[in-house]
Number of protein chains: 2
Amino acid sequence: MNEAAPRTRIQKRNREIILEAALEVFSAEGFRGATLDRIAEAAGLSKPNLLYYFPSKEAIHVALLAGLMDTWLAPLAGIDPDGDPVEEILAYVRLKLDMARDYPRESRLFAQEIVQGAPRILDQIEGPLKTLVDEKAAVIRAWAEAGRIAPLDPCHLIFSIWATTQHYADFDVQVRGILRPEGETHFDAAHAFLEGLFRRALTPDGPAGAAIR
Amino acid sequence: MNEAAPRTRIQKRNREIILEAALEVFSAEGFRGATLDRIAEAAGLSKPNLLYYFPSKEAIHVALLAGLMDTWLAPLAGIDPDGDPVEEILAYVRLKLDMARDYPRESRLFAQEIVQGAPRILDQIEGPLKTLVDEKAAVIRAWAEAGRIAPLDPCHLIFSIWATTQHYADFDVQVRGILRPEGETHFDAAHAFLEGLFRRALTPDGPAGAAIR
DNA sequence: CGTGATCCTGACCAAACGGTCAAACCTTTT
DNA sequence: AAAAGGTTTGACCGTTTGGTCAGGATCACG
């Protein structure tokens, strides 16, 4: 089985079915907690059939992570150096929170991988991810030095955005447990809160002595 | 084996050794990823001996989580309604970040449990944790309504503090991967950053038209 | 110092697990 | 329509895993 390129439409379809099922199971149970039997069941395929399309359990996991990385990084890549600094960063926050709401399984998959030391994607982190963060951090640093946003460390700012947004996906159970019986609207509240938090933190102080209302 | 009360000093000592080893292994590999053999090895005891002190693998996990919950909640409980609002919250942030630095295994243990749906501590979350959060949220809400801090949703503020601080423990690998080759000082930088972030976000606006420098 | 309670271990077990394989089945191509 | 290539499966295998057990070692105490 050539893993890289599907040759028939059955291959393409079943690959996708398997990855979807694997995402469901891996994100909920972790790599070790997930079993081929449960993935096969979720995919509606037999276990040997799974292993016809992927050489091993680990290969499925790696394929999932690799396929997701780009999608996951896209919002950060979208920060525009020529845009309005505060609005660009707030737009990023909004997009990242939308992803936590719309793709919680992907978020949890990454979270578990990284908590356990990222054994399968460490190179991706130290490679493409670091490169992208370095690039965008430079943009933010320039904004800060120009006084267009408050002087905050860009890397830690990015971390804080990741942390606060992904929290709503990764710690969903805790959030719901504490907010209950507040309904399904807590993502709206989170949007409003994070917008307020980061807008206040980012907006530069006026020139010394200036009146601010 | 009476699980609740150690009757001899050997019992007490070995219980602690086992829990320490279990923390090491569970936090690194997750519940399903950890094996009794690895815990036994880390504890320097035989596997049957482990099961002499705890009736099952799950019992060890539960004992760990239960024993940690109080410690984990202590900093939040320490927020003083009579203190200076901004300083009280900033002190909480500092304490929480210290815990992420000094007790990363505990943080990762909780993180993994909650990511997977908190199957073993859901009642603790919806019970004592929710109660405590509700109590402190009320304090913060009162501060906000009195105009002593900026008007931010207290629950989401607490979430954002948890998220940003625990991020440095739970996603340590990612943080190091991106900050590299920055040395071991990144917790100092994180302290400074979070202090700046939350101070800016929390400090109330001056009265309309007032000069702020 | 001996005796009962506590502590520890090697050998073992059943279930679950990831993975294999030959053979059957289905699709596409000629 | 039949060969060729792609797909699916039941049965099976070796290993790992959580857990048991009978018996031996060690400790506390009268």
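Considering unusual backbone geometry
For residues that are not glycine, phi is negative in most cases, and the peptide bond is trans in most cases. Residues and elements named next belong to chain A. For the bond from Arg 180 to Pro 181, the omega torsion is 5°, close enough to zero to count as cis. The residue Pro 181 is located in the loop between α9 (172-179) and α10 (186-202) in this model. Within the chain, Ala 118 stands out as a residue other than glycine whose phi angle is a positive 50°. By secondary structure assignment, the location of Ala 118 is in the loop between α6 (104-115) and α7 (122-145). In this structure Ala 118 comes out as buried when scored by relative accessible area, which is 0%.

Overview of the interface of chain B and chain A
Where interface size is given, it is often the accessible area lost as the parts come together that is meant. Contact with chain B, which involves 62 residues of that partner, is made by 62 residues of chain A. Taken together, the two surfaces of chain B and chain A that pack against each other cover about 5,300 Å², and 67% of this comes from carbon and sulfur. Of all residues in chain B, the largest losses of buried area upon contact with chain A belong to His156(B), Ile178(B) and Arg200(B), amounting jointly to 15% of the total for that side. Joining chain B to chain A, the criterion identifies 2 salt bridges.

Focus: the protein's contact with DNA strand C
Around DNA strand C, the structure places 19 residues, and the nearest of them are Arg9(A), Lys57(A), Thr8(B), Gln11(B) and Tyr53(B). If you look at DNA strand C and keep only atoms within 4 Å of the protein, 63% of those are sugar or phosphate atoms. Backbone polar atom of Lys57(A) to a phosphate oxygen of DNA strand C: 2.8 Å apart, as the coordinates give it. The separation between a phosphate oxygen of DNA strand C and a polar side-chain atom of Thr8(B) is 2.4 Å. Within the residue set of the surface near DNA strand C, elements represented by two or more residues are α3 (47-53) of chain A together with α1 (9-33) and α3 (47-53) of chain B. Tallied by class, the residues present in the surface near DNA strand C amount to 8 nonpolar, 7 polar and 4 charged.

Section: the domain arrangement of chain A
Residue and element names in this part refer to chain A. Domains assigned within chain A are domain 1 (1-55) and domain 2 (67-202). Centre-to-centre separation of domain 1 and domain 2, based on C-alpha positions: 29 Å. Between domain 1 and domain 2, a total of about 670 Å² is buried, with carbon and sulfur atoms accounting for 54% of that surface. Inspection of the domain 1/domain 2 interface yields 2 salt bridges. The closest approach of N and O atoms between Glu 20 and Arg 105, which form a salt bridge, is 2.9 Å. Joining domain 1 to domain 2, the criterion identifies 3 residue pairs in polar contact (both at pLDDT 80 or more).

Observations concerning the protein's contact with DNA strand D
The immediate surroundings of DNA strand D are formed by 19 residues, with Thr8(A), Gln11(A), Tyr53(A), Arg9(B) and Lys57(B) found nearest. Each atom of DNA strand D within 4 Å of the protein was assigned to sugar, phosphate or base; sugar and phosphate come to 60%. Residue Ser46(A) places a side-chain N or O atom 3.0 Å away from a phosphate oxygen belonging to DNA strand D. Between DNA strand D and the protein, one listed contact pairs a base nitrogen with a side-chain N or O atom of Lys47(B) at 3.1 Å. Going through the elements one at a time, α1 (9-33) and α3 of chain A together with α3 of chain B are the ones with two or more residues in the surface near DNA strand D. Of the residues belonging to the surface near DNA strand D, the class tally is 8 nonpolar, 7 polar and 4 charged.

Observations concerning helix α5 (residues 85-102) of chain B
All names here are of chain B. Between its first and last C-alpha, α5 extends 26 Å over 18 residues, near the 26 Å set by a 1.5 Å rise per residue. Every buried residue belonging to α5 is among Pro 85, Val 86, Glu 88, Ile 89, Leu 90, Tyr 92, Val 93, Lys 96, Leu 97, Met 99 and Ala 100, and all of these are buried. Buried residues in α5 make contact with α4 (57-77), α6 (104-115), α7 (122-145), α8 (154-170) and α10 (186-202).

A closer look at empty space enclosed by the protein
Applying the stated criterion across every chain yields a total of 7 cavities of 30 Å³ or more. Taken as a whole, the largest cavity spans an internal volume of roughly 200 Å³. As for the largest cavity, its lining consists of 19 residues, of which Trp72(A), Leu73(A), Trp162(A), Gln166(A) and Gln174(B) are closest to the centre. Elements with a contribution of two residues or more to the lining of the largest cavity: α4 (57-77), α5 (85-102), α6, α7 and α8 (154-170) of chain A. Here the residues of the lining of the largest cavity are counted per class, giving 13 nonpolar, 4 polar and 2 charged. Approximately 160 Å³ is the volume found for the second largest cavity. The wall of the second largest cavity is formed by 15 residues, among which Gln174(A), Trp72(B), Leu73(B), Leu129(B) and Gln166(B) lie closest to the centre. Considering each element in turn, the lining of the second largest cavity owes the most residues, 4 residues, to α4(B). Taken together, the residues of the lining of the second largest cavity sort by class into 12 nonpolar, 2 polar and 1 charged.

Calculation rules
- Residues numbered from 1 in each chain as written.
- Chains lettered and ligands numbered in written order.
- Predicted model: local features only at pLDDT ≥ 70, side-chain atom pairs only at ≥ 80, totals over all residues.
- Heavy atoms only, no water.
- Helix = DSSP H or I, 4+ residues; strand = E, 2+ residues; numbered from the N terminus.
- Buried < 20%, exposed > 50% of the residue type's maximum accessible area, 1.4 Å probe, protein only.
- Contact = heavy atoms within 4.5 Å.
- Buried area = accessible area lost by both parts, 1.4 Å probe.
- Salt bridge = Lys/Arg side-chain N within 4 Å of Asp/Glu carboxyl O.
- Near = heavy atom within 4 Å.
- Polar contact = N/O pair within 3.5 Å; in protein donor to acceptor, adjacent residues only side chain to side chain.
- Nonpolar A, V, L, I, M, F, W, Y, C, P; charged D, E, K, R; others polar.
- Domains from an automatic or database assignment.
- Expected span 1.5 Å × (residues − 1).
- 1 Å grid on protein atoms, 1.4 Å probe; cavity = no way out; pocket = protein on both sides within 12 Å on 5 of 7 lines; lining within 4 Å.
- Points joined across faces, edges and corners; volume = space filled by probe spheres on them.

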